[in-house]
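Overview (structure and organization)
The lines below spell out each chain.
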Amino acid sequence: MKQFVPRADRRRMGLYFAAICTWLALTGISRLPGATIREIDENSDGVTDQWIEIIDSTTTRITKDRDFDGRPDYSMVYDERARKISESLDFNFDGQMDDFYYYVGGVLKRREIDTDFDGRVDLWVSLFEGVYLSRVERDLDGDGEIDFVKEYILGSDE
Ligand SMILES: [Ca+2]
Ligand SMILES: [Ca+2]
Ligand SMILES: [Ca+2]
Ligand SMILES: [Ca+2]
């Protein structure tokens, strides 16, 4: 299984996220559904590499092209209280998202990963309180069907 996103990278994303939220609060831009309210060219190469879109009255999406190859490789959806709803990541930068995070009330509940980058999720991880494993499911032969399930009981490593 591939590694988690490096800590420093996630911290940087967090700082970036905080800056965007501040910017949105300061500008008080009207929330038109489906509108792209800002495009950013972070590396000043003339090509947009960050987008902020209004999905509906309570949700906003930030999309980034972190390696500046013209293909988005990170996106985050968050609610009106700036709590994360979901994140998608193209870990190997092949143009296809392969790592998905789902949050409830801003707390990580589930992670779905395409570990072999074939375009299909093959690892599902459910979490308790955002950090404790509660269930792991795997599709070991890539046929789309789950063939391994492991349940975890809190406080036990069985
Ligand atoms: Ca750019
Ligand atoms: Ca990219
Ligand atoms: Ca990928
Ligand atoms: Ca896969």
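Structure's up top.
These lines cover the structure that appears in this document, whether it is placed above or below. Counting restarts for each chain, with residues numbered from 1 along the sequence as it is written. For naming, the first written chain is A and the first written ligand is 1, with later ones following in the order written. Side-chain atom pairs in this predicted model are given and counted only at pLDDT of 80 or more, local residue features only at pLDDT of at least 70, and totals for whole chains, interfaces and linings cover all residues.

1. A word on the overall build of the protein
- Strands here are runs of E lasting at least two residues and helices are runs of H or I lasting at least four, both read from the DSSP assignment and numbered beginning at the N terminus. From N to C terminus, the protein includes one helix and 10 strands.
- When the helices and strands of the protein are read in sequence order from the N terminus, they spell out α-β-β-β-β-β-β-β-β-β-β.
- Per-residue burial for the protein yields a buried fraction of 11% across its 158 residues.
- For the purpose of contact definition, each residue receives a C-beta atom placed from its backbone, and two residues are in contact when these atoms lie within 7 Å. Residue pairs in contact within the protein that sit at least 24 positions apart in sequence constitute 11% of those at least 6 positions apart. With C-beta atoms placed from the backbone, the exposure class of a residue follows from how many other C-beta atoms lie within 10 Å of its own: 20 or more, buried; 12 or fewer, exposed; in between, partly exposed.

2. Observations regarding the pairing of strand β3 (residues 60–64)
- Two strands are counted as paired when DSSP detects at least two bridges linking them. Pairing of strand β2 (residues 50–54) with β3, which is carried by five bridges, proceeds in the antiparallel orientation. Each bridged residue has a counterpart across the sheet, and for Glu53 the counterpart in β3 is Arg61.
- Counted between consecutive antiparallel strands, the loop separating β2 from β3 contains five residues.
- The pairing of β3 with strand β4 (residues 74–78) spans five bridges and is classified as antiparallel. Pairing of Arg61 across the sheet is with Val77, part of β4.

3. Regarding the environment of Met97
- By the secondary structure assignment, Met97 is in the loop between β5 (84–89) and β6 (99–104).
- In this structure Met97 touches Ser88, Leu89 and Asp90, once residues within four positions along its chain are discounted.

4. Let's talk about the sheet that holds β4
- On the basis of which strands lie adjacent, the open sheet formed by 10 strands has the order β1-β2-β3-β4-β5-β6-β7-β8-β9-β10 and antiparallel pairing. The open sheet is flanked by β1 (36–40) and β10 (148–151), the only strands paired with a single partner. Each strand of the sheet is rotated relative to its neighbour by a mean of 10°, with strand direction disregarded.
- Here β1 pairs with β2 via four bridges, running antiparallel. Within β2, the position partnered with Thr36 by the bridge is Glu53. For helices, the axis comes from a line fit to the C-alpha atoms of the stretch in contact; other axes are also lines fit to C-alpha atoms, and the angle between any two N-to-C directions lies between 0 and 180 degrees.

5. Focus: unusual backbone geometry
- One non-glycine residue, Ala82, lies in positive phi territory at about 65°.
- Position of Ala82 among the secondary structure elements: in the loop between β4 and β5.
- Located in the positive-phi region is Phe93, a residue other than glycine, with phi close to 55°.
- Owing to 14 C-beta atoms within 10 Å, Phe93 belongs among the partly exposed residues under this scheme.

6. Topic: the environment of Phe128
- Along the chain, Phe128 turns up in strand β8 (residues 123–128).
- Accessibility expressed as a C-beta count within 10 Å gives 13 for Phe128, which makes it partly exposed.
- Distance from Phe128 to Leu154, taken between C-alpha atoms, is 8.5 Å for residues 26 residues apart in sequence.
- Those residues in contact with Phe128 that sit more than four places away from it in its chain are Ser134 and Leu154.

7. Some thoughts on the environment of Trp51
- With respect to the element layout, Trp51 can be found in strand β2.
- Taking the C-alpha atoms as reference points, Trp51 and Thr36, 15 residues apart in sequence, are found 7.0 Å from one another.
- Here Trp51 is in contact with Thr36, Glu39 and Thr63, once residues within four sequence places are set aside.

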